[in-house]
Amino acid sequence: MESPSPVAVVTVPFPAQGHLNQFLHLSLLLAGRGIPVHFAAPEPHLREARARVHGWDATALLDVPAHASPDPDPSSPFPTHMQPLFEAFCDGGGARASLAALLEELSVSHRRVVVLHDRLAAFAAREAARLPNGEALGVHCLAASYNVGWMDPGHRLLRVHGMVFHPADACATKEFVALAKRMGQERRRAPGAGMVVNTCRALEGEFLDSASSSDGHKLFAVGPLNPLLNPVPDAAARAPAERHSCLEWLDGQPPSSVLYISFGTTSSLRAEQVRELAVALRDTNQRFVWALRDADRADMREPGGERRLAESAASLLGDAAAQGTGVVVTGWAPQLEILAHGATAAFMSHCGWNSTVEGLSHGKAILAWPMHSDQPWDAELVCKYLRAGILVRPWEERGDVTPVSAIREAIERAMRSDEGAAVRERARALGDAVCAARANGGSSSRDLDATLSRT
């Protein structure tokens, strides 16, 4: 009789792009160490993740049925249009049943089955606990410091650095907060063997120490999970035959002169806000690459609003784009390559944790413009603790359209002032420290080895 294989790993992300992206990179890191990995996600998100992943080649082995959603609502910064999918994924039973069937099959053919699950997909831990040879580890797709603020908004580190933790019900809908609490109850029923975090000691060392001692979990800080790309030094190294046109444009720009702008995949800008940002770019004559698109839909069908947004921006930018000052990218943009490019100086971002880590790991300062969820906290961390960012809009003004004057001031502070030069230099130093953490013998490399030892 054939002996069972040693171990199988199943990764179960929460179905939002920033979470899916982190899990896909984690899966590929593990697969690169010779471990068989099964990436479990709703079929449309699985398809889109495979199309969007950059810096790696990817395959995925499990589809979980998806749930459709209404169109994005630009008047709501929080992705309320995704809530039906979130509910169906966590509570509907279909994803749980599909996962249970996969785990039972793997349990028979492997000595051990290790489930790495998003903490918002906590039902996966309970399914792993049903196996005689199963084990689960949670994966925290937010900043480790977010947990510290959540548990103690008056924590010493927050007080020392003047940081404010905004409560969840001020940053997300009551429906989403209720879902997160239900998943928290699931985690308490099957707490698992530890928690993997997409961060590193260079970014959050003090918070990692505090988080580890406060909730009893063994933390494995293995970040950044995203590939670390080098600036392309010469034309011979620019390998991809179908290289995105915005990268070709960046090749012709001076070093550290371009502002990259992207607000992620879960929020759509109101038309009025697109106009204000476009006018600010025009008035400052700032070089830019702007990824301008509507939020993802739950079933990942084409959003359809990009042309409307781009036309609105182009009419206000006037001669800027025509004269080569900037590029508007509709649809998907190769974010990692843009951030790694030597011409890119800074990143105007919604401060989702995935984008925040991608920016800082490539040494780019962040112009922080948080929209919802954990993003206000990430902006606090970047601007006040790491001192690698400049706030565009205070969280207290989230309901208003941010005016041209405020955007223009943030751009000029970041790109043309002594303060901005210091912030950019701090970001570059952080990028070097993050790369050192990921290198052989670095703190993240050691924690990845420790994670692998559990499998």
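Data block above holds the structure.
Basis of the calculations
- Residues numbered from 1 in each chain as written.
- Predicted model: local features only at pLDDT ≥ 70, side-chain atom pairs only at ≥ 80, totals over all residues.
- Heavy atoms only, no water.
- Helix = DSSP H or I, 4+ residues; strand = E, 2+ residues; numbered from the N terminus.
- Buried < 20%, exposed > 50% of the residue type's maximum accessible area, 1.4 Å probe, protein only.
- Contact = heavy atoms within 4.5 Å.
- Axes fitted to C-alpha atoms, helices over the stretch in contact; angles between N-to-C directions.
- Parallel < 35°, antiparallel > 145°, perpendicular 65-115°, else oblique.
- Nonpolar A, V, L, I, M, F, W, Y, C, P; charged D, E, K, R; others polar.
- Pairing = 2+ DSSP bridges.
- Salt bridge = Lys/Arg side-chain N within 4 Å of Asp/Glu carboxyl O.
- Phe/Tyr/Trp six-rings, centres within 6.5 Å; stacked < 30°, edge-to-face > 60°.
- Lys NZ or Arg CZ within 6 Å of the ring centre and 35° of its normal.

**Notes on the overall build of the protein chain**
Now for step 1: When its secondary structure is counted, the protein chain shows 19 helices and 13 strands.
Now for step 2: A burial count over the protein chain gives 58% of its 455 residues as buried.
Now for step 3: Across the protein chain, contacts joining residues at least 24 apart in sequence account for 72% of those joining residues at least 6 apart.

**Remarks on the environment of Cys-246**
Now for step 1: On the secondary structure map, Cys-246 appears in helix 10 (residues 245–251).
Now for step 2: Taking the C-alpha atoms as reference, Cys-246 lies 8.1 Å from Ile-338; in sequence the two are 92 residues apart.
Now for step 3: In contact with Cys-246, other than residues within four places in its own chain, are Val-289, Val-327, Val-329, Pro-334 and Ile-338.

**Focus on the packing of helix 1 (residues 17–31) against helix 15 (residues 353–361)**
Now for step 1: Where helix 1 contacts helix 15, the two axes come as close as 8 Å, and the packing angle between them is 55°. When the interaxial angle is binned, helix 1 and helix 15 end up oblique. Packed against helix 1, whose contacting residues are Gly-18, Asn-21 and Gln-22, the element helix 15 presents Trp-353, Asn-354 and Glu-358 at the interface.
Now for step 2: By residue class, the composition of the contact of helix 1 with helix 15 is one nonpolar, four polar and one charged.

**Here's the deal with the pairing of strand 11 (residues 344–349)**
Now for step 1: With six of its six residues buried, strand 11 lies for the most part within the structure.
Now for step 2: As paired elements, strand 8 (residues 258–262) and strand 11 share five bridges and run parallel to each other. Across the sheet, residue Ile-261 finds its bridge partner in strand 11, namely Met-348.
Now for step 3: Pairing geometry for strand 11 and strand 12 (residues 365–368), over four bridges, is parallel. What sits directly across from Phe-347, in strand 12, is Ile-366.

**Quick look at the pairing of strand 1 (residues 5–12)**
Now for step 1: Counting buried residues along strand 1, six of its eight residues qualify, which places the element largely inside the surrounding structure.
Now for step 2: In the sheet, strand 1 pairs with strand 4 (residues 110–118) via seven bridges, with the strands oriented parallel. Its bridge partner lying in strand 4, Ser-5 is registered against His-110.

**Brief notes about the pattern of salt bridges**
Charged atoms that come close allow side chains of opposite charge to pair.
Now for step 1: What the rule picks out here adds up to 17 salt bridges.
Now for step 2: When the shortest N-O distance is used, the salt bridge between Glu-186 and Arg-126 registers 3.7 Å. Remark: Arg-126 occurs in helix 5 (residues 123–129) and Glu-186 occurs in helix 8 (residues 174–189); sequence separation between them is 60 residues.
Now for step 3: For Arg-126, a relative accessible area of 29% corresponds to the partly exposed category.
Now for step 4: Where salt bridges share partners, they join Arg-96, Arg-126, Glu-127, Arg-130 and Glu-186 into one cluster.

**Considering the packing of aromatic side chains**
Now for step 1: Throughout the structure, instances matching the rule amount to 12 aromatic pairs.
Now for step 2: Their ring planes at 85° and their centres at 6.4 Å tell us that Phe-207 and Trp-377 sit as a pair that is edge-to-face. Of this pair, Phe-207 sits in helix 9 (residues 201–215) while Trp-377 sits in helix 16 (residues 375–385), and the two are 170 residues apart along the sequence.
Now for step 3: For the pair Phe-207 and Tyr-385, a centre-to-centre distance of 5.0 Å together with 70° between the ring planes defines the contact as edge-to-face. One end of the pair, Phe-207, is in helix 9; the other, Tyr-385, is in helix 16, with 178 residues separating them in the sequence.
Now for step 4: You can call Phe-207 buried: its relative accessible area is 0%.
Now for step 5: Following the ring pairs from residue to residue traces out a cluster consisting of Tyr-146, Trp-150, Phe-165, Phe-207, Trp-377 and Tyr-385.
Now for step 6: One cation-aromatic arrangement involves Lys-218 over Phe-220; the distance from NZ or CZ to the ring centre is 5.5 Å.

**Quick look at unusual backbone geometry**
Now for step 1: In this structure, Pro-224 follows Gly-223 across a cis peptide bond, with omega equal to 0°.
Now for step 2: Among the structural elements, Pro-224 can be located in the loop between strand 7 (219–221) and helix 10.
Now for step 3: Of note in this structure, Ser-256 is not a glycine but carries a positive phi near 50°.

**Topic: the environment of Met-82**
Now for step 1: Its location among the elements puts Met-82 in the loop between strand 3 (62–64) and helix 3 (83–91).
Now for step 2: Classification of Met-82 as buried rests on a relative accessible area of 4%.
Now for step 3: On a C-alpha basis, the gap between Met-82 and Pro-15 in space is 9.1 Å, while along the polypeptide they are 67 residues apart.

**Observations regarding the sheet that holds strand 8**
Sheet strands pair via backbone hydrogen bonds, and the direction of the pair is either parallel or antiparallel.
Now for step 1: Taken in spatial order, the six strands line up as 10-9-8-11-12-13 in an open sheet, and their pairing is parallel. Looking at the sheet topology across the chains shown, the edges are occupied by strand 10 (326–329) and strand 13 (389–391). Taking each pair of neighbouring strands and ignoring which way they run, the sheet shows an average axis angle of 15°.
Now for step 2: Sitting on the sheet, helix 11 (residues 271–284) is in contact with strand 8, strand 9 (288–291) and strand 11, with an inclination near 170° to strand 9.

Just geometry here; none of it tells us what the structure is for.
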